[in-house]
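Secondary and tertiary structure notes
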Amino acid sequence: MNDRLLKACRLEPVEPTPVWLMRQAGRYMAEYRRLREKYGILQIIKTPELAVEVTLQPINAFDLDAAIIFADILPPLEAMGLSLEFIRGEGPVIHNPLRSAADVAALSVPDPRESLSFTMQAIRLVQRELAGRLPLIGFSGAPFTLASYAIEGGATRSFVLTKSLMYKQSEAWHGLMDKLTTMVSDYLKAQAEAGAQVLQLFDSWAGALSPADYRRYVLPYSRRVIQTARSSGAPVIHFGTGTSGMLETIKEAGSDVIGVDWRVSLADARRRLGDDVAIQGNLDPVALFAPLPELERHVADILSQAGGRPGHIFNLGHGILPQTPVEHVAALVDMVHDISTS
Ligand code: CP3
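Predicted model, so just to flag it, every value in this text is computed and none were measured. Numbering of residues begins from 1 in every chain and follows the order in which that chain's sequence is written. Given that the model is predicted, a residue must reach a pLDDT of at least 70 before its local features are reported, and side-chain atom pairs must reach 80 or more before they are shown or counted; all residues, however, enter totals for whole chains, interfaces and linings. As a rule here, side-chain values come from all non-hydrogen atoms in the structure, and water together with hydrogens is ignored.

1. Section: the nonpolar core
Across soluble globular proteins, nonpolar side chains have a tendency to be buried as a group. Counting 126 residues, the largest nonpolar core has Trp20, Leu77, Trp173, Phe314 and Leu332 as its most contacted members. Helix numbers and strand numbers start at the N terminus; a helix is a DSSP run of H or I with at least 4 residues, a strand a run of E with at least 2. Top contributing element to this core by residue count: helix 11 (residues 170-194), with twelve residues. We call two residues contacting when some pair of their heavy atoms lies within 4.5 Å. With near-sequence residues (within four places) excluded, Trp20 lies in contact with Leu5, Leu64, Ala66, Ile68, Ile137, Gln200, Ile237, Gln280, Ile313, Phe314 and Asn315. Nonpolar cores are built from buried Ala, Val, Leu, Ile, Met, Phe, Trp, Tyr and Cys residues. Side-chain atoms within 4.5 Å join them into one set. Burial here depends on accessible area, computed with a 1.4 Å probe over protein chains only, as a share of the maximum for the residue type. Under 20% is buried, over 50% is exposed, and the range in between is partly exposed.

2. Concerning the site of the ligand
A single heavy atom is enough: if one lies within 4 Å of a molecule or strand, its residue is considered near that molecule or strand. Around the ligand lies a shell of 22 residues, among which Arg27, Tyr32, Arg36, Ser204 and His318 are the nearest. Two N or O atoms form a polar contact when they lie within 3.5 Å of each other; inside protein one atom must be a possible hydrogen donor and the other a possible acceptor, and for residues adjacent in sequence the pair counts only when both atoms belong to side chains. Between Arg23 and the ligand, the recorded distance is 2.7 Å, taken from a backbone N or O atom to an oxygen atom. With respect to the ligand, the backbone of Gln24 contributes an N or O atom lying 3.2 Å from an oxygen atom. Each accessible area is a Shrake-Rupley estimate made with a 1.4 Å probe; only the visible protein chains count as cover when residues are assessed. In isolation the ligand offers 870 Å² of accessible surface; the protein chains occlude 89% of this area. Looking at the shell around the ligand, the elements with two or more residues in it are helix 2 (30-38) and strand 3 (91-94). Residue classes in the shell around the ligand are distributed as 14 nonpolar, four polar and four charged. Gly is put with the polar residues, along with every residue not named as nonpolar or charged; the nonpolar set is Ala, Val, Leu, Ile, Met, Phe, Trp, Tyr, Cys and Pro, and the charged set is Asp, Glu, Lys and Arg.

3. Observations regarding the pattern of salt bridges
Salt bridge, as applied in this entry: a Lys or Arg side-chain nitrogen positioned within 4 Å of an Asp or Glu carboxyl oxygen. Per the stated rule, a full pass over the model turns up 15 salt bridges. For Glu78, the salt bridge identified is with Lys46, shortest N-O distance 2.7 Å. Here Glu78 is found in helix 5 (residues 75-79), whereas its partner Lys46 is found in helix 3 (residues 41-46), with 32 residues between them in sequence. Using a relative accessible area of 25% as the deciding quantity, one classes Glu78 as partly exposed.

Put into structure tokens, the structure is as follows:
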């Protein structure tokens, strides 16, 4: 069993440094694009055999230290009653976004073991295929990031609708966050029960908030999710982007690992977070487009900032981009392992 990832989560010394990549299954791989010619993304996610196939594609192609179950952060919103569609070239759209207290009251909080059973089944099947070779990561969107999709109806730059509901309709906001927290907590627990050994909470858009708003409107909910998820025994990685202004606050949510993007240096993140939490990150995904010697300088720099101290998981600072050259991904994984071996 390759247990590098688990050791790094537990702050145990490990060599070489474990590496996996957010969105490691996806369109930059020809195998994935071929499958996508035949099936929509939701169809792949909801057909356990296909989800298993896609989960295994990157770990068969590269020397990664973990698999991540193929799913998305948005199906739980569909299970709660929102109408979700992925539109080619546009991304996710929610056709009936939440705008009022009545919309929030109408949301259901179904048992993920039933409403998202396809993902639990995919986890069980992947575990059979992996046969203990590599750990499997389960994941969920965090309440704030999910709330933003549910309220905006899709991606947003300004978060005007999300923050307006937060500021103006306090009861609806807290009611929504409470429901999402219950859903996400159960979902992560169910994934651990199905066999996921590590859980990642994606709060991709947390950095859109001021530290004070994060503390007031989001932190209590993320803390509750993490507490419940950790009670399953699996370590939790808490990921966000643009969070360099509130790392200390994010630490209060209580995860085992904190994911940071490239807008903060790893050394700075370590200084501010202390030695009692692991850190995941933080290569700029666009560095994968650089010539290999330049990519290698970036990798060496991150590893030197990690300084060989326990508790570093190498990853990108955000998901891998669809146009990424696949040979550079292979090279990156090998560079991380080679440079971090003394
Ligand atoms: O990491 C993995 O390999 C597991 C699979 C995974 C997907 N989405 C599959 C996917 C994971 C972990 C996610 C997380 C996710 N999904 C996040 C959080 C991470 C982040 O990037 O911030 C978010 C915000 C989403 C929502 C989402 N899903 C968007 C905005 C889009 C469209 C944008 C895009 O990249 O096309 C998706 C679609 C999606 N989810 C794709 C994949 C592989 C691409 C869709 C396709 O095949 O057409």
